[in-house]
Structures are given as structure tokens and as C-alpha cells.
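# Residue-level structure breakdown
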Amino acid sequence: MKTSDFYYELPEELIAQDPLPNRSDSRLLHLDRESGEITHGRFTDILSYLRPGDCLVINDTKVIPARLFGRKEGTDAHIEILLLKRRENDIWETLVKPGKKAKPGTKLIFGDGALRGEVLEIVEEGNRLIQFTYDGIFEEILDVLGEMPLPPYITHKLQDKNRYQTVYAKHDGSAAAPTAGLHFTQELLEKVMQKGVRIAHVTLHVGLGTFRPVKVEDVTDHHMHSEFYIVEEDQAKLINETRASGHRVISVGTTSCRTLESAADDDGILKAGSGWTDIFIYPGYRFKMIDGLITNFHLPESTLLMLVSALAGKENIMRAYEEAVRERYRFFSFGDSMYIG
């Protein structure tokens, strides 16, 4: 299976640069995973595809303002840091630009010195481990100094930080938003519950590895970066009860999907707990937990496009994407949505 099998042509003007004024005004393409039939509508139509007894699984991670702009102590050279993974004792794995200015021992200053860092070592793929020092609470300092880490294909500056958060974001830790959830408003979630659909939450802190380009020719040679997830006991029970009663588990986003598939055993029983996952789902994978997926439109040749192809079939997905391009859907993080079920 070649990476190039997952390529499609996308006009640049279809890459959404800004969120819509109203989250739920996005369009919805429904792909029937059995028949391959495609239907067009609005995101609020998701209510018509959900049934009483279904369980909608959301990822309640919260994006941190993980992009920091600072300077190198001594030379005042500008430097940009992207926080990727929190380690112990205020040590973070980071992406640094320009990397050549961040050798081990380099000292960094952010703001007026409210936050300082020292490069400890260079790790996998040139990432840097940085030890931070500060007075006060790290998250509060980050909220003042940091910017939202928008993907590189978004060139506009975000006016409202909250538009790159889901309305149910709760646990700090992501370097990118679980974007399928951006379409939900509190009002729409209320309507979902009024219909008799249960909502369960898991947590997966999204890392940039999710969006890392696949640089190998053979898909199976690609290795995913690991991401931290949590499945709480009561939520595992709710999801397992849904399956046991014959109802459907529908994942909101590929991050929720990967969490469920990582934490399930071979018999399709979801296990509570936490840990790191580097699960890579591509065609040929047998899903253990999910029956449907709400997702956005993903980059050509990306691992996320491979995941949705595993669920609905590559031919169905590529045909649906061609249709979405023809119909001028908006693509990627702030774009329109797709329901596979």
C-alpha cells in the first residue's frame, strides 16, 4: 500500500482560513460506509443520523497556547518554541526554530523574563528538551505569553483563542485541537442528549505527530509519535454498556477513535486507564469499538486520511473527497465535516 494511493488534488482556496461565525453552520457530508452513498447537508443534520441509545464519544482535551516567542540570552537572537510534550519537573519536549541556535546549554528568555528556559538535550527528530523556570503558575504564564499553535496551512491570525477549542475542552495538554468537535455548540449537544443519545468523554492530548507527513513510500513503514490518553472508569462502563445493549458507539474525531481503539481489548471491551498510544490505523485494520465517525476533511497522504479509509474503504473515501472538492466544501481544521456511518 503506497502513500501516493492517498493523494488527491485540493485547490488552495478550499483550505478554510477562519472559523465560521456560528460553529454549527458548517456543511456535513454523510458517507454511508456500507453502500458508499453520499448525502449533503448541514452539520445540525447530525441529529437525524443519531439514534436513541447511541453513545457519542468526545475528546475533552484542551489546547494550550503552546507557541512561545523568545530570545536567546546574550545575543537577543529571536527564537520560536512549540511545546509538544510535558515531561517531569517542568521539562518539555519542544520543537525549536531555528534549531541551530538552540544547542544544549542555550538559555532562553520569554516576555520580560517571567519565563526562562535552558536547552538540556536534543532528542528524536531534532526536538529539544527544555527546562523551564518561573515564579507562579506555569499555565497562567503560558496564557499570557503563549499563542495558539495553529497548523501551518492557516495563515490568518486567530481573533478569538476559544474558536480553536471545543466547547467541552477541559484538560490542558494538546498542541492541536480535536477539530471534529469544533462544530458542536452547547445547544446542539443539549439536543443530542434530548434525543436519548448518551455522551461519553475520553482524553487524548493531541501531538503534532498526528499531522506529521508520511515520508515513506510504503505506508506500513510509517511510525506514529506517541500521545497520552485517559479513559475513566465510569466512561468505559458507559461505552461498554452501549455496545452490550446493541447500540452504536460513534466517535467525534479521529483522536477519540484512536483512544477507543487503543484502550480496547481484542474482544471489543474498553479498558479504563491511561497511557501512551502510537496506534496507526490504515486500510486492513479491524475496528474493535466504533460504529461511526464524525470527522473533518484531512490532508492528502496523511495518516488521518488513511484512518478514515480504513473505516469506510479507500475507494469510498477518495470518491467522497472528490465530490467534496467539486461541491466546494471547506477543508481541514476550520473546514466542513463528514459523518461516516
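Residues numbered from 1 in each chain as written. Predicted model: local features only at pLDDT ≥ 70, side-chain atom pairs only at ≥ 80, totals over all residues. Heavy atoms only, no water.

An unreviewed UniProt entry lists the protein chain under the name S-adenosylmethionine:tRNA ribosyltransferase-isomerase, from Ruminococcus gauvreauii. Annotation of the protein chain in UniProt includes, under Subunit (unreviewed entry), the sentence "Monomer." (UniProt positions renumbered as here; feature names shortened; annotations may be inferred.)

Next up on the list: the sheet that holds strand E1 (residues 27-31). Here nine strands make up an open sheet; going across it, the order is E2-E1-E17-E16-E14-E3-E12-E13-E15 and the pairing mixed. The sheet is open, and its two borders are formed by strand E2 (38-42) and strand E15 (273-277), each paired with just one other strand. With strand direction ignored, the average angle separating the axes of adjacent strands in the sheet is 25°. Where strand E14 (residues 249-252) meets strand E16 (residues 292-296), three bridges bridge the pair, whose relative direction is parallel. Counted as the bridge partner of Ile250 is Gly292 from E16. Lying over the sheet, helix H7 (residues 314-326) contacts E1, E2, E16 and strand E17 (337-340), oriented at roughly 150° with respect to E1. (Pairing = 2+ DSSP bridges. Helix = DSSP H or I, 4+ residues; strand = E, 2+ residues; numbered from the N terminus. Axes fitted to C-alpha atoms, helices over the stretch in contact; angles between N-to-C directions. Contact = heavy atoms within 4.5 Å.)

This brings us to the side chain of Lys288. Of note, Lys288 is situated in the loop between E15 and E16. It turns out Lys288 is buried and unbridged, and the closest side chain with the opposite charge, Asp266, is 4.5 Å from it. Here Ala264 takes part through its backbone oxygen, which lies 3.3 Å from a polar atom of the side chain of Lys288. The contacts of Lys288, once residues within four sequence positions are left out, are Arg243, Glu261, Ala264, Asp265, Asp266 and Gly268. (Buried < 20%, exposed > 50% of the residue type's maximum accessible area, 1.4 Å probe, protein only. Lys, Arg positive; Asp, Glu negative; His and termini not counted. Salt bridge = Lys/Arg side-chain N within 4 Å of Asp/Glu carboxyl O. Polar contact = N/O pair within 3.5 Å; in protein donor to acceptor, adjacent residues only side chain to side chain.)

What follows deals with the environment of Ile109. Inspection of the secondary structure puts Ile109 in strand E8 (residues 107-110). By relative accessible area, which is 9% here, Ile109 ends up buried. C-alpha separation for the pair Ile109 and Glu323, spaced 214 residues apart in sequence, amounts to 49 Å. Not counting residues within four places of it along the chain, the set of residues in contact with Ile109 comprises Gly70, Arg71, Glu73, Leu115 and Arg116.

Below, the discussion takes up helix H3 (residues 186-194). For H3, the complete set of buried residues consists of Leu188, Leu189 and Val192. Down the axis, H3 shows its buried residues gathered within 100° of arc, on one side only. Away from the buried face of H3 by more than 90 degrees, exposed residues Glu187 and Gln194 are located. In the core, the buried residues of H3 are packed alongside helix H1 (46-49), strand E3 (55-59) and strand E12 (198-204). Once H3 ends, the next one or two residues include Gly196, with phi positive near 95°. (Arc of directions from axis to C-beta.)

This model, assessed by the stated rule, comprises 18 aromatic pairs. For the ring pair Phe43 and Phe184, a centre distance of 5.0 Å and an interplane angle of 85° mean the geometry is edge-to-face. In this pair, Phe43 is assigned in the loop between E2 and H1 and Phe184 in the loop between strand E11 (171-174) and H3, connecting sequence segments 141 residues apart. A residue is classified by how much of its surface remains accessible, and Phe43, at 0% relative accessible area, is buried. Overall, Phe184 belongs to the buried group, its relative accessible area being 0%. Relative to Tyr339, the ring of Tyr49 lies with its centre 5.5 Å away and its plane at 40°, an arrangement referred to as tilted. (Phe/Tyr/Trp six-rings, centres within 6.5 Å; stacked < 30°, edge-to-face > 60°.)

Taken in spatial order, the six strands of this closed barrel run E5-E6-E7-E10-E9-E8, and their pairing is antiparallel. This sheet shows a mean twist of 45° between the axes of neighbouring strands, independent of strand direction. The strands touched by helix H2 (residues 138-145) within the sheet are strand E5 (67-72), strand E6 (78-86), strand E7 (91-97), E8, strand E9 (115-122) and strand E10 (128-134), with E6 carrying the most contacts at an inclination of about 140°.

Of all 10 residues in helix H5 (residues 254-263), nine are buried, a share of seventy percent or more. Buried within H5 we find Thr254, Thr255, Ser256, Cys257, Arg258, Thr259, Leu260, Glu261 and Ala263.

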